[in-house]
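Tertiary structure, described
Below, each chain spelled out in residue letters.
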Amino acid sequence: MKKILLTTLLVFSTLATSVLAKNLKVVAAYGNKEKIFQEFTKETGIKVEFLDLSSGEVLSRIQAEGGKPSADVWFGGGIDSFIAAKDKGLLEKYESKNNIEFISPEYRDKDGYWSGISLVLVGFMTNNELLKEKNLPSPKTWEDLANPIYKDEVMMANPAISGTNYAMVNGLIQGMGEENAWTYFKSLNENVPFLAKRGGEPPKKVASGEFALAVIPMSGEFISMEGKYPVTTIYPEDMIPWVPAGMAIFKNAENLDEAKIFIDWALSKKGQEFIRDQDPRMMVRSDIEIPKSVKTINKDKLIKIDIDALGEDREEILKRWNDEFGNKAQ
């Protein structure tokens, strides 16, 4: 009897250890991701290994991997790359039970291949000391940002790599009209000395005093810099581009069950509240309170975008961008 009991205990001990030892591999482009993954591990026992990559880099990487992804989950980044990945057959279909009641259809794929996590709004950051030193006014609109007085003072990321800056380009095309937008981009380009590789790089360069202005994702990670550096974050007064930050499971994911658990957690009320508190943004769940840092936004200024067009037009837009401004990419 004792032998049977001992054997049973050993079996349960081995199973418990096996559960706790489960891993999840994630490629991520999200603020304070370390604490987000630590909380998920704390609640589920699933250990997360992650690699920090912007959405354009992820899309290029999974295409190069030829159907054998090095990660299980894609967390964060512009939804255009997720739409493109779905169209190329690179994502696993999974419709979380947490996706239905509280998440608007415009924030999730109708076929269940991706879901939004939160909304990324695009705005400006200024270095107040540099503006004062150079006697420059603070920009209020997109047209202001293209003013020749800001020549070589505007920093933005390459939209072929950064989901935030692709959202800006596509959003302004939808908001201004195609040809008006491309005329505007030519003027803006005169003020941009080079294109950064990631969406998080421009705000850091402005905070350090390298540039006076930047196009940035208006998330808590960067808004909170106002308390640490001489910077101000600004929502444009004319129109605000935006995009859902996405999340999906890769096709042929090695840890599929764990990936599904993560998606469920990230879309649960508890998960959404925790993620919001680590990087304050408007979350996709309708029952999540909006953080104070984004409550001042005039929602009427959000561009009414066609989400599908973000993915469908991506290659054509980026080809034209590269043809006209690719020489400024790092």
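The following paragraphs examine the structure supplied in this document. Note that the structure is predicted; figures quoted are calculated from it, not measured.

As a further point, take the overall build of the chain. Check the secondary structure of the chain and you find 14 helices and 11 strands. Here the C-alpha radius of gyration of the chain, 21 Å, is about what a compact globule of 330 residues would show, namely 20 Å. C-alpha atoms of the chain, sized along the principal axes, occupy 85 × 40 × 35 Å. Looking at the chain as a whole, 53% of its 330 residues qualify as buried. For the chain, the share of sequence-separated contacts (at least 6 apart) that also reach a separation of at least 24 residues comes to 74%. Accessible area for the chain stands at about 15,300 Å²; split by element, carbon and sulfur atoms hold 51% of it.

On to the layout of surface pockets. Approximately 460 Å³ is the volume attributed to the largest pocket. Around the largest pocket, the lining comprises 28 residues; the ones closest to its centre are A29, Y30, G199, G200 and F222. Secondary structure elements with two or more residues in the lining of the largest pocket: strand 3 (73–78), helix 7 (163–176), helix 9 (201–207), helix 10 (220–223) and strand 10 (242–250). In terms of residue class, the lining of the largest pocket is made up of 9 nonpolar, 12 polar and 7 charged.

Turning our eyes to something else, we now look at the environment of E178. With respect to the helices, strands and loops of the structure, E178 is situated in helix 8 (residues 178–189). Not counting chain neighbours up to four residues away, the residues in contact with E178 comprise I173 and R320.

All right, on to a negative patch on the surface then. On the surface, D87, D306, D308, E312, D313 and E316 cluster together to form a negatively charged patch. Within the secondary structure, D313 sits in the loop between helix 13 (307–312) and helix 14 (314–325).

Scanning the entire structure with this criterion turns up 24 salt bridges. A salt bridge links K205 to E201; the shortest N-O distance between them is 3.6 Å. One end of the pair is K205 and the other is E201, both in helix 9 and 4 residues apart, which spans about a single turn. Classification of E201 by relative accessible area gives partly exposed; the value is 22%. Through salt bridges with shared partners, one network takes in K33, D52, E57 and R198.

We now examine the nonpolar core. What tends to happen in soluble globular proteins is that the nonpolar side chains get buried as a cluster. Ranked by size, the top nonpolar core spans 108 residues in total, and within it F75, W142, M168, F185 and F262 carry the most contacts. If we ignore the near neighbours within four places in the chain, the residues touching F262 are L24, F37, F40, V73, F75 and M247.

One pass over the full model with this rule turns up 4 cavities of 30 Å³ or more. In this model, the largest cavity occupies a volume close to 80 Å³. Together, E92, Y94, N99, G112, Y113, W114, S115, M247, A248, I249, I263 and L267 line the largest cavity. Sorting the residues of the lining of the largest cavity by element identifies strand 10 and helix 11 (256–267) as the ones contributing at least two each.

By the definition in use, this model includes 18 aromatic pairs. A ring pair is formed by F37 and F50, whose centres lie 5.4 Å apart and whose planes are at 50 degrees; its orientation type is tilted. Of this pair, F37 sits in helix 2 (residues 33–44) while F50 is found in strand 2 (residues 47–52), placing the two residues 13 residues apart along the sequence. Overall, F37 belongs to the buried group, its relative accessible area being 2%. A relative accessible area of 34% means that F50 is categorised as partly exposed. With a centroid separation of 5.9 Å and 15 degrees between ring planes, the pair formed by W74 and F250 is classed as stacked. With W74 in strand 3 and F250 in strand 10, this pair connects stretches of sequence that are 176 residues apart. With a relative accessible area of 1%, W74 lands in the buried category. Joined through ring pairs, the aromatic side chains of Y30, F37, F40, F50, F75, F262 and W265 make up one cluster. Residue placement shows R281 over the ring face of Y30; its charged tip is 3.9 Å from the ring centre.

Cut-offs applied
- Residues numbered from 1 in each chain as written.
- Predicted model: local features only at pLDDT ≥ 70, side-chain atom pairs only at ≥ 80, totals over all residues.
- Heavy atoms only, no water.
- Helix = DSSP H or I, 4+ residues; strand = E, 2+ residues; numbered from the N terminus.
- Rg over C-alpha atoms; globule rule 2.2 N^0.38 Å.
- Buried < 20%, exposed > 50% of the residue type's maximum accessible area, 1.4 Å probe, protein only.
- Contact = heavy atoms within 4.5 Å.
- Areas by Shrake-Rupley, 256 points an atom, 1.4 Å probe, with all protein chains shown as cover.
- 1 Å grid on protein atoms, 1.4 Å probe; cavity = no way out; pocket = protein on both sides within 12 Å on 5 of 7 lines; lining within 4 Å.
- Points joined across faces, edges and corners; volume = space filled by probe spheres on them.
- Nonpolar A, V, L, I, M, F, W, Y, C, P; charged D, E, K, R; others polar.
- Patch = residues over 30% accessible without salt bridge, like charges linked within 9 Å, V, L, I, M, F, W, Y side chains within 5 Å.
- Salt bridge = Lys/Arg side-chain N within 4 Å of Asp/Glu carboxyl O.
- Lys, Arg positive; Asp, Glu negative; His and termini not counted.
- Charge placed at Lys NZ, Arg CZ, Asp CG, Glu CD.
- Core = buried A, V, L, I, M, F, W, Y, C linked by side-chain atoms within 4.5 Å.
- Phe/Tyr/Trp six-rings, centres within 6.5 Å; stacked < 30°, edge-to-face > 60°.
- Lys NZ or Arg CZ within 6 Å of the ring centre and 35° of its normal.

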